[in-house]
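The primary structure of each chain is shown beneath.
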Amino acid sequence: MVKFIESEITSLKKELNEMWSMVYNQMAKASDAVFTMNKDLAQQVIGREKRVNAYELHIDSDVEDIIALYNPVAIDLRFVLAVLKINTNLERLGDFAEGIARFVLRTDNNSVNTELFEELRLHEMVERVLLMLEISKKAFNEENIDDAMSLISKDNLVDEINAQASTILTQYIANHIDETKMCLDLVGVFRKLERSGDHITNIGEEIVFYIEAKVLKHHDKHDETDD
Amino acid sequence: MQQAARVSDMTAFFYLGAMVEYDYTKKIFTNPSKEETQNYITGRFG
């Protein structure tokens, strides 16, 4: 006899949503800390990272229980498999937020140039990553394929800004040798944001798999212009 | 139902005397085409 799994799925969805919100806040706060060089805010992000990790472990354990006790099939099976992978991706995003916060702690406030941030389009990149994270959560909860697939093209802007950042920073270092360390650390921030875009795209692919049983992994990415 | 999944290559789902779906067992249990089949194998009815 098949045990009815609905309440377990509802509970798992709720837990994943909580983790999603927490990771979003972490990423937003870490970015704010960079723009304002607020070390207290950065410390808060670093302190909260343990809670993100705790969520990951709990969700992993819940998924294991569901598979063992309920033998999910069809859409339920795809759902728990997707949750397992989304969980891992969210945890990585949490790590990136922590890494970005650590940049703030390592960097001397006086060495930060806000005009440089504008030239690097850091605000734009952060906004895009946060938007993608918001869309991914909405796509999951509303089972919206179009939103999930839109993440692939939205990641193009993140990649573009990251690629330009390296060139701009190389030139900047040539003219401001004393700020080399800050610039190298800043490359790390851009790299983390770029990887965040990739992980959110992966989340979109898992959502498509869960809803339509289509595997988008390792297919050619869309090369459309962003809207 | 796990026995059916284990021993068969093909699976048919009948409801009230009518065949709802017939396909490879793997397809039926991972991505059935009919919503009725999905609702039955996931325990939402029956």
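Residues numbered from 1 in each chain as written. Chains lettered and ligands numbered in written order. Predicted model: local features only at pLDDT ≥ 70, side-chain atom pairs only at ≥ 80, totals over all residues. Heavy atoms only, no water.

Peer 1: With reference to specific residues and values, describe the overall build of chain A.
Peer 2: Assigned secondary structure in chain A consists of 7 helices and 0 strands. Start at the N end of chain A and walk to the C end: the helices and strands fall as α-α-α-α-α-α-α. Each principal axis of the C-alpha distribution contributes one length, and for chain A these read about 70 × 40 × 20 Å. Taken across its 227 residues, chain A has 51% of its residues classed as buried. Sequence-distant contacts in chain A: of pairs separated by 6 or more residues, those separated by 24 or more amount to 85%. Between the centroid of the 25 positive side chains of chain A and the centroid of its 43 negative side chains there is a distance of 4 Å. (Helix = DSSP H or I, 4+ residues; strand = E, 2+ residues; numbered from the N terminus. Buried < 20%, exposed > 50% of the residue type's maximum accessible area, 1.4 Å probe, protein only. Contact = heavy atoms within 4.5 Å. Lys, Arg positive; Asp, Glu negative; His and termini not counted. Charge placed at Lys NZ, Arg CZ, Asp CG, Glu CD.)

Peer 1: So, helix α6 (residues 145–175) of chain A: which residues are in play, and what are the values?
Peer 2: All names here are of chain A. The first and last C-alpha atoms of α6 sit 47 Å apart over 31 residues, in line with the 45 Å expected at 1.5 Å per residue. Largest kink in α6: about 30 degrees, centred on Ile152. Capping the start of α6 is the job of one residue whose side-chain oxygen sits 3.0 Å from the backbone nitrogen of Asp146: Asn144. (Expected span 1.5 Å × (residues − 1). Bend = angle between axes of the 7 residues up to and from the residue. Polar contact = N/O pair within 3.5 Å; in protein donor to acceptor, adjacent residues only side chain to side chain.)

Peer 1: Any details on the packing of aromatic side chains? Residues and values, ideally.
Peer 2: All names here are of chain A. Considering all chains together, one arrives at 8 aromatic pairs over all chains under this definition. With a centroid separation of 6.4 Å and 70 degrees between ring planes, the pair formed by Phe35 and Phe117 is classed as edge-to-face. Here Phe35 is found in helix α1 (residues 6–36), whereas its partner Phe117 is found in helix α4 (residues 114–120), with 82 residues between them in sequence. Note on Phe117: relative accessible area 3%, which makes it buried. Joined through ring pairs, the aromatic side chains of Trp20, Phe79, Phe140 and Tyr210 make up one cluster. (Phe/Tyr/Trp six-rings, centres within 6.5 Å; stacked < 30°, edge-to-face > 60°.)

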